[in-house]
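Observations on chain architecture
Okay, here's what each chain looks like letter by letter:
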Amino acid sequence: MSDRVSRRRFLGTVAATGAGAAAAATAKAAPVRPPGRHGQERVQKVATHCEMCFWRCGVIAEVSADGRVVRLEGNPDHPLTKGRLCARGNAGTSLLYDPDRLKYPMLRTGKRGEGQFKRITWDEALDVLADKLKTIKEQHGPEAVGFFPHGIGARFMGTLLKAYGTPNSVEPSFAQCRGPRDVGYLLTFGRPLGSPEPLDLEEAKLVVLIGSHLGENVFTSQITQFATGLSRGAKLVAVDPRFSTAASKADWWLPIKPGTDIALLLAWMNVLIAEGLYDKEYVDAHAVGFEELAAHVAAFTPEWAEPITALPASQIRETARAMGAAKPAVVVHPGRHVTWYGDDTQRARAMAILTALLGSYGRKGGLFFPTPVPKGDFELPDFPDSDKGRADGAGEKYPLASEEMGVTNGLVDATLSGKPYPIKAWIVYAQNVLESIPQPQQTLKAIESLDFLCVVDVMPVDQVAYADLVLPEATYLERYDAPLIVNSAKAPFVSVRQPVIEPLYESKPGWWIAKELAKRLGLEAFFPWATPEEHLEKTIEPMEINSLELRTKGAVAFAGRPYIEDRTEDDLPLFNTDSGKIELYSQALKDLGADPLPLYTPPEEPPAGYLRLIYGRAPMHSFARTQNNATLHGLMPENEVWLHTTPARELGLKDGDRVRLENADGVTSLPVRVRVTEGIRDDCAYMVHGFGQRSKSLRRARDRGASDTQLMTRVKVDPLMGGTGMRVNFVRPVKEA
Amino acid sequence: MKTSEIPLTPVPLTSELAEAMLQRQIKKHHVAIMLLHWFNAFVWLFELLTGLALITSPLFRVVPEWYVSIVEGAFGSRANMLQFHIALGVAWIVVFLVYGVFGVRTYLSQEVLKKEVALDHDDFRWLVVRTLRILGRSDEPLPPQGIYNAGQKLFAFVIYAMIPVVMLTGVVMAFRLFSPAIVGWAVVLHFAAVGVVVSGLMVHVYMGAVFPEEKPAFFSMITGNVHELFAYSHHFKWWREMKLEEREWDEQHDAAAAPPPEGPPESVGPPR
Amino acid sequence: MARYAMVTDLRKCVACHACTAACNVAWGVPPGHARTHVHVTPLAGTFPNLSSSPYVAQCNHCEHPPCVEPCPSGATFQGEDGVVRVDKGVCIGCGYCVTACPYEARFISPADRKVDKCDFCTPRIARGELPACVTTCTANAKHFGDLEDPTSEVYRMVFAEGARRIESGTIAVGPNVYYLGKPEHLDLVAASFPPRPPRLLAAGKTWRSLVKPLVVAAVAATFLGQSVAFFSQLWNGEKDFED
């Protein structure tokens, strides 16, 4: 491209000296011609929303005259993100044009894992899939098919498989991520937190980050609001065994001993209650179970918590007092990925209780209420009921697990054990099961026991090599998805996802795959719309907005009712609990035989010579999904393992050395670079998740850095909702020769 | 002319002989070399004009700012000026390459280089005597010279040595070859080589176009010929070679040839 | 005409690299290179009393840009709006300007082997838009405007809120990218990423101090010699050969 431009310039020079004279006259003031390969006349701008992570920021895509998406920019009209876009959002074009993308349907020819495939047509592929589904239904029942979806594109496939008759749909965002907090806050306030979390950061006077490294995990609008809050003078408490970016801005950094967060939370509650710093009026008006709570935390003083958390009692007291002074405008960030130690629902409960004590739920500067947006639906036939029930344990073994999102690891277990009934096939859609679910060695065994694995994906990630059938999905820039409705924003909105260009190669959108499959399975009745535009129109019907406006602007916002004083009759009761109030004491938990008020249980300690493996995010990557992205790889090609100066010195390690991490079960990682730092406790080793991928087809990502998932051979499962606590693995660095 | 009649060193000529020689033209340069010479002159003129204007940095500039502005204005923009400089330079290189490939025997053989570029004993003495004569410090006659005198040979040497440097560094810069570090050095070397040539060029242009005694030399680059008297007086060794060749040729055709023409007279004063 | 400047609020910046990504994609900067760099200072202190700050650096469009002078071909120049630009049509990729920048803001792009750097998104600001890094910044930490306009937010931040330049005692070239932040963080940034003295490459030094004087001397000498010859010829009345 640059050659073409310079050649053009060259020829133009020979002819154009006259025109040059005019240019010379204005040379000093006017801008020089723009460099790079984007000199084409802009032709079209299309509004859509991003899917480089799950925040779905508004995006405007610019398409040049020759049909190339030349850049992505934040959509200034988007009510939540207002034109801002993170590194991953900006790098969407590198996904779109990644030469390693899955291009056509493939059928396995070699052994599972060899990655040998032959190219087939969509007709052939869909026939294979439909046949498989029919066969399994006949022989084992539709419940034998497990569905592993993720993201908004999965909606249509989800409908299809539900119509097909399997209840076993499992998303990692529940049992590997937000599940515990959604359950904990549901138990306390009567509604789950949802995504985006309804945090009024801009108006906060104090923000408490406990196990959140906001700043390194980036959600565009949440960062904007966080930064705004800070710039308005909000104080910040960062509780983290590592000196995160947030910690570097914090007024208080509490380098807590991992696994002791509940103790800290109980101590905070103790101080707030003992010193009368909690919001008495609010608690009296809206909560039940205060007496039980007060009695429960009476013994959990900061002095009690000090040896447990390794935090000075004075610091615990000081930060509690700061919260008390700032209430109710305190955001206790509920965290996002919160599956750590297996008691995570209880920890979420503690955070919810703390939030309630501060009076910040439904108040300015705290957490706000979602406002539902009316949504249109087609009349669909009834979905078949299953008398076999779910296989993943949601609702039974894990009584509080969401039956909508399911328990991924539960389904893996069922596949391995054949109990409660055999699982014969998996359909994986936009989920990277070998990366998102811990104990990947188990997941792999489960896959090998399957009759059939179908993977629908955009990139040839590790799991693709194990699939029997691979279907290339179009990227988010090339397809319609179901419109996104966000209730948990101060101004709730609907956002459209529409194709910017036609799908490249033979990739197809999820809705098309679902509909084609529906035809073959006789389930067309569940898709009574001919085009996704029709589906869009129906969805937005009750919103009384103009679909053209929506498709032009990208998103339309509605009036929200975020605070208690905004709530109307229709919003009552304020809190959807059994009692209709905030349940500080949870009878529901008591009835299940669990602790009605959170208790601290010490986590297992690392054996001598080992460090606890903790992990997190980097702002330029999304989980294990972006490591092959040319732009993002350029910003961060591999991860590092953070080690404190002292253990590093003892092991003879210098900054920049390469080590392999060996876990307590003997699993060894790929070599990874060491970062020696004062900014982490000496009993932990920290890595960014998502590296160390092995797929030969990911030419940039392959074998770069080390995989934390691979080292997670142990999990501590939360008995209430099935979440896999992952911070229970211990590693020791072994110097690479 | 008989062997004995072709002198070993320049001797004085009779006025009739001198007159005859004045009328007789000897071919000194063939068309190809003349074309190349003027092409070169044209290229160097415009490359210098633009090249000097291309250096704007006060650290390296050798012309006044107003000069840079004028040339820039003539081209419309600096980018245009650079493109022109490169285009002309590339054309220059291409032409030279063609000449180099097809004329390797004519221009680059050891024999030719020895005759036209290498300095011999006479040449070194000529340089000394010539300088002293300019300073009015000597009346000694100049030693006989070959087809090119020592001064011209020196200049030829400079050209042969510097032109490849100018070309190579020019190409390196124009196409940004190898590495930026190499390009950074190429600029300096390009400037240095051009500077050396320009020094020699000043003498060359003066001698060729201004100095009246060398006027025949100037015209020889247009007509291709010099009159024999000029050859005899300024490039005796070359004149002698030509004569010997002529006679050899004549002797080969002696059978059918008429009686040989009158030889040169016995003694003529040395040419001035 | 204008004096464009940028102010980055390091209290808000979370080093998310959105700016780098947006800039790279907008201007075709090859991966592994960047016009704007997101740094984090090394940690000051020992556990648990630590301090560090993000620091986003790019071309500062200095008031006295040391990178303009060494450019042999005049490809780099400062506009009347204060923006230092590179005319790609004139750049020969010699790299003299790269080492002349105290802020390491320039680089040779493998895409065209010419110098590349931030130009405050010249085509965008010409259209009245803001630079890409400013609009995309997730923390709303970057601000851009005209320091000659008293109503602009950068004016307020520089002249009323004490936004600081990253300068050192000896290198004070008047950068027009300012920073807001906690004083101890700004001190840490200035100590961790001090501007380095502009350096002329060996090739440039050789040219300036050796080759140029020699060539000028040689040409002058031949000119002088020529003049002597000319006058000598006039004086001695060199006749045309024909005489």
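In this numbering scheme, every chain counts its residues from 1 along its sequence in written order. Whichever chain is written first becomes A and whichever ligand is written first becomes 1, with later ones labelled in order. With pLDDT at 70 or above as the cut-off, local features in this predicted model cover only qualifying residues; side-chain atom pairs require 80 or more to be listed or tallied, and sums for whole chains, interfaces and linings still use all residues.

**Considerations on the overall build of chain B**
Counting from the N terminus, the helices are DSSP H or I runs at least four residues long and the strands are E runs at least two residues long. Regarding its fold elements, chain B presents twelve helices and two strands. When the helices and strands of chain B are listed from N to C terminus, the series reads α-β-α-α-α-α-α-α-α-α-α-β-α-α. Projected onto its principal axes, the C-alpha coordinates of chain B cover approximately 70 × 45 × 30 Å. Within chain B, buried positions represent 31% of all 272 residues. Within chain B, contacts between residues separated by at least 24 positions form 67% of all contacts whose residues are at least 6 apart in sequence. Around each residue's C-beta, the other C-beta atoms within 10 Å are counted; 20 or more make the residue buried, 12 or fewer make it exposed, and counts in between make it partly exposed. All C-beta atoms are placed from the backbone. Residue pairs qualify as contacts under a 7 Å threshold applied to their C-beta atoms, which are placed from the backbone.

**Observations regarding the overall build of chain C**
When helices and strands are tallied, chain C shows seven helices and eleven strands. As defined in this context, the radius of gyration uses C-alpha atoms, and a globule is described by 2.2 Å times the residue total to the power 0.38. Its C-alpha atoms give chain C a radius of gyration of 24 Å, clearly above 18 Å, the size a compact globule of 243 residues would have. The principal-axis extents of the C-alpha atoms in chain C amount to approximately 95 × 45 × 35 Å. Within chain C, buried positions represent 54% of all 243 residues. A fraction of 60% describes how many contacts in chain C between residues 6 or more apart in sequence connect residues 24 or more apart.

**Brief notes about the interface of chain C and chain A**
Taken residue by residue, the interface counts 45 residues in chain C and 48 residues in chain A. Mapped by element, the contributors of at least two residues to the side of chain C that touches chain A are helix H1 (18-27), helix H3 (122-126) and helix H4 (132-136) of chain C. Counting residues per element, the side of chain C that touches chain A draws most heavily on H1(C), which supplies eight residues.

**Structural notes on the domain arrangement of chain B**
Residue and element names in this part refer to chain B. Just so you know, the domain bounds were taken from an automatic or database domain assignment. By domain assignment, chain B separates into domain 1 (31-100) and domain 2 (109-243). Counting residues at the interface gives seven residues for domain 1 and seven residues for domain 2. Mapped by element, the contributors of at least two residues to the side of domain 1 that touches domain 2 are helix H2 (31-54) and helix H4 (78-102). Residue polarity follows a fixed list, in which Ala, Val, Leu, Ile, Met, Phe, Trp, Tyr, Cys and Pro are nonpolar, Asp, Glu, Lys and Arg are charged, and the others, Gly among them, are polar. Residues of the side of domain 1 that touches domain 2, tallied by class, amount to four nonpolar, three polar and no charged.

**As for the environment of A:Gly389**
Residue and element names in this part refer to chain A. On the secondary structure map, Gly389 appears in the loop between helix H15 (344-357) and helix H16 (408-417). The class of Gly389 is partly exposed, set by 17 C-beta atoms lying within 10 Å. On a C-alpha basis, the gap between Gly389 and Tyr686 in space is 40 Å, while along the polypeptide they are 297 residues apart.

**Considerations on the domain arrangement of chain C**
Its domain assignment divides chain C into domain 1 (4-192) and domain 2 (201-243). Centre-to-centre separation of domain 1 of chain C and domain 2 of chain C, based on C-alpha positions: 48 Å.

**Brief notes about the sheet that holds strand S11 (residues 330-333) of chain A**
All names here are of chain A. Strands are labelled as partners when DSSP assigns at least two bridges between them. Sheet architecture is open: four strands sit in the order S9-S8-S7-S11, paired in parallel fashion. Only two strands of the sheet have a single partner each, and these edge strands are strand S9 (252-254) and S11. Going from strand to strand, the sheet's axes swing by 10 degrees on average, the running direction of each strand aside. As paired elements, strand S7 (residues 206-210) and S11 share four bridges and run parallel to each other. Bridging across to S11, Leu209 finds its partner in His333. Where helices are involved, their axes are fitted lines through C-alpha atoms of the stretch in contact, as for all axes, and angles between N-to-C directions lie from 0 to 180°.

**Digging into the environment of A:Val734**
All names here are of chain A. One can find Val734 in strand S26 (residues 730-735). The exposure class assigned to Val734 is partly exposed, which follows from the 14 C-beta atoms found within 10 Å. Sequence spacing of Val734 and Leu651 is 83 residues, and the spatial spacing of their C-alpha atoms is 8.4 Å. Excluding residues that lie within four positions of it along the chain, Val734 makes contacts with Val659, Arg660 and Glu662.

**Quick notes on unusual backbone geometry**
What you tend to see is this: most non-glycine residues have negative phi, and most peptide bonds are trans. Residues and elements named next belong to chain A. Look at the link from Lys327 to Pro328: it is a cis peptide, with omega at 0 degrees. Inspection of the secondary structure puts Pro328 in the loop between helix H14 (313-326) and S11. For the bond running from Lys419 to Pro420, omega is 0 degrees, close enough to zero to count as cis.

**As for the confidence of the model for chain B**
Note that predicted coordinates carrying low pLDDT should not be read in detail. For chain B, the mean per-residue pLDDT works out to 85, and 92% of the residues sit at or above 70. Here residues 266-272 of chain B is modelled with pLDDT under 50, and outside its nearest four sequence neighbours on either side it reaches 15 contacts, counting other chains as well. Known as pLDDT, the predictor's per-residue confidence is scaled from 0 to 100.

**With respect to the packing of helix H7 (residues 172-189) of chain A against H15(A)**
All names here are of chain A. Two numbers describe how H7 lies on H15: the axes approach to 8 Å, and their chain directions differ by 45 degrees. On the basis of the axis angle, H7 is oblique to H15. The chirality of how H7 crosses H15 is right-handed. Seen from H7, the contacting residues are Pro180, Arg181, Val183, Gly184, Tyr185, Leu187, Thr188 and Phe189; seen from H15, they are Asp344, Thr345, Ala348, Arg349, Ala352, Ile353 and Ala356. What sets the label is the angle itself: under 35 degrees gives roughly parallel, over 145 gives roughly antiparallel, 65 to 115 gives roughly perpendicular, and the rest give oblique. Put simply, a crossing is left-handed when the front helix is turned counterclockwise from the back one by less than a right angle, and right-handed when it is turned clockwise.

**Some details on the pairing of strand S20 (residues 640-644) of chain A**
Of all five residues in S20(A), five are buried, a share of seventy percent or more. Residues of S20(A) alternate between two faces, with A:Glu640, A:Trp642 and A:His644 on one and A:Val641 and A:Leu643 on the opposite face, all of them buried.

**Re the pairing of strand S23 (residues 684-688) of chain A**
Residues and elements named next belong to chain A. For S23, the tally of buried residues reaches five of five residues, placing the bulk of the element in the interior. Here S23 shows two buried faces, one formed by Cys684, Tyr686 and Val688 and the other by Ala685 and Met687. In this structure, strand S19 (residues 611-616) lies alongside S23, joined through five bridges in parallel fashion. By the bridge assignment for S23, Ile614 is matched with Tyr686. Pairing between S20 and S23: two bridges, direction antiparallel. Residue Trp642 lies in a different strand from S23, and its bridge partner there is Tyr686.

**Topic: the sheet that holds strand S22 (residues 672-677) of chain A**
As summarised here, the arrangement of the six strands in space is S19-S23-S20-S22-S21-S26 (chain A), forming a closed barrel in which the pairing is mixed. Strand-to-strand twist across the sheet, computed as the mean angle between neighbouring axes with direction ignored, equals 45 degrees.

**A short note on helix H19 (residues 510-521) of chain A**
All names here are of chain A. Expected span of a helix: the number of residues minus one, times 1.5 Å. Here H19 spans 16 Å end to end across twelve residues, near enough to the 16 Å set by a 1.5 Å rise per residue. All of the buried residues along H19 are Gly510, Trp511, Ile513, Ala514, Lys515, Glu516, Leu517, Ala518 and Leu521. Looking at the buried positions of H19, the neighbouring elements they touch are helix H5 (122-140), helix H6 (154-164), strand S13 (452-457), strand S14 (469-472) and helix H20 (532-540).

**Topic: the environment of C:Ser192**
Residue and element names in this part refer to chain C. As for its position among the elements, Ser192 is in helix H6 (residues 183-192). The class of Ser192 is partly exposed, set by 16 C-beta atoms lying within 10 Å. Spatially, the C-alpha atoms of Ser192 and Thr41 are 6.1 Å apart, while their sequence positions differ by 151 residues.

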